[in-house]
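# A structural walkthrough
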Amino acid sequence: MDPGQLAALASFSSATLHEAMGRIGALPAAIKPIDRDIRLCGPAFPVFCPAGDNLMIHKAIEAAAPGEILVVDHEASMSDGPFGDVLAEACQARGIAGLVIDGCVRDATTLRAMGFPVFARGLCIEGTDKLRTSPLGAPITLGKTTVHRGDLVIGDEDGVVIVPHARIEEAIEAAHEREQKEDALRAALRAGQTTMDLLGLRDR
C-alpha cells in the first residue's frame, strides 16, 4: 500500500468516503468500535470464521502481513466471543493493525487498555471451538459489501467503510471534492442561507 494513499484515506471520515463513492462500501451499522475514540485505516485481510469457532482467526493471525487488518465474517453471531486479549496480543506481536468482525469479542476493558483497534457487533463472554477451516484471504461479504484482500478498511466512531483497491485514487479525489462542497455549504449556512434553498428542496 502506498503510504501517501493510506495517509490520505485516513484523513477522511467513514461517512465522507461512503458518500463520496456513491454510497457503497458500508459495513453493517451494528459493527462499531469498542473504544469510540479509536480510528482504523489499512488493507483488509478477509477471514471467514464460522459461528461458534475461532480456528481461522488463529490461522489468519499467522498468515496476515504486518499492517493488514483482519476483517472477519463470523456470521453475525451474538452467541460467542471468538476474539479477546490473548489474540490481540498475538496480533500486536505480528504487526496486525486491527480487527473488524461481524460478530462479538470479549475482554473489552483489556482490549481498550492495549490500544488495539477492534470493531465488533457486540460483546459476548461465551467461548468457541477450534475445529472448522475455510480458505484464508478469500473474499467475504458483510451486509451488502464484499471485501477482498487489499481493499482499504476505514473505521471510526460512525462505522466502517470498505474502499475497493481499484478505486482508491478515485475515492480520495471524490472525498476531497465532497469536503470542499461541505465547507462551502457550512459557510453559506453561517451567512444565513438555509438547506432548503441550498439543496434545492423547496420543490419537494
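Residues numbered from 1 in each chain as written. Predicted model: local features only at pLDDT ≥ 70, side-chain atom pairs only at ≥ 80, totals over all residues. Heavy atoms only, no water.

If you check an unreviewed UniProt entry, the protein appears there as 4-carboxy-4-hydroxy-2-oxoadipate aldolase/oxaloacetate decarboxylase from Georhizobium profundi. In the Cofactor (unreviewed entry) part of its UniProt record, the protein is described as follows: "Mg(2+)". (UniProt positions renumbered as here; feature names shortened; annotations may be inferred.)

One pass over the structure, following the stated rule, counts 1 aromatic pair. Look at Phe-83 and Phe-116: their rings are 6.1 Å apart centre to centre, the planes differ by 20°, and that puts the pair in the stacked class. On the criterion of sequence distance, the pair formed by Phe-83 in the loop between strand 3 (69–73) and helix 4 (85–93) and Phe-116 in the loop between helix 5 (108–114) and strand 5 (118–123) is long-range, its members being 33 residues apart. Take Phe-116: its relative accessible area is 3%, and that puts it in the buried class. (Phe/Tyr/Trp six-rings, centres within 6.5 Å; stacked < 30°, edge-to-face > 60°. Helix = DSSP H or I, 4+ residues; strand = E, 2+ residues; numbered from the N terminus. Buried < 20%, exposed > 50% of the residue type's maximum accessible area, 1.4 Å probe, protein only.)

When you line up the elements, Leu-70 lands in strand 3. Here Leu-70 falls in the buried class, since its relative accessible area comes to 0%. Taking the C-alpha atoms as reference points, Leu-70 and Gly-4, separated by 66 residues in sequence, lie 22 Å from one another. Excluding residues within four positions of it along the chain, Leu-70 makes contact with Phe-45, Ala-60, Ile-61, Ala-64, Cys-91, Ile-96, Gly-98, Leu-99 and Val-100. (Contact = heavy atoms within 4.5 Å.)

This part takes up the nonpolar core. With 23 residues, the main nonpolar core has Ile-57, Leu-70, Val-72, Phe-83, Leu-99, Val-105 and Val-118 as its most contacted residues. Put simply, the parts of the chain that give this core at least two residues each are strand 2 (40–48), helix 3 (55–63), strand 3, helix 4, strand 4 (98–105) and strand 5. In terms of residue count, the dominant contributor to this core is helix 3 (4 residues). Once you skip the residues sitting within four places of it in the chain, Phe-83 turns out to touch Ile-57, Ala-88, Cys-91, Leu-99, Cys-104, Val-105, Arg-106, Leu-111, Phe-116 and Val-118. (Core = buried A, V, L, I, M, F, W, Y, C linked by side-chain atoms within 4.5 Å.)

Right, let's get into helix 4. Three or more residues of helix 4 are buried, namely Leu-87, Ala-88 and Cys-91. Buried residues along helix 4 cover an arc of 105° about the axis, so they all sit on one side. Residues Val-86 and Ala-93 are exposed on helix 4 and point more than 90 degrees away from its buried face. Next to the buried residues of helix 4 lie helix 3, strand 3 and helix 5. Phi turns positive, to about 80°, at Gly-95, one or two residues after helix 4. (Arc of directions from axis to C-beta.)

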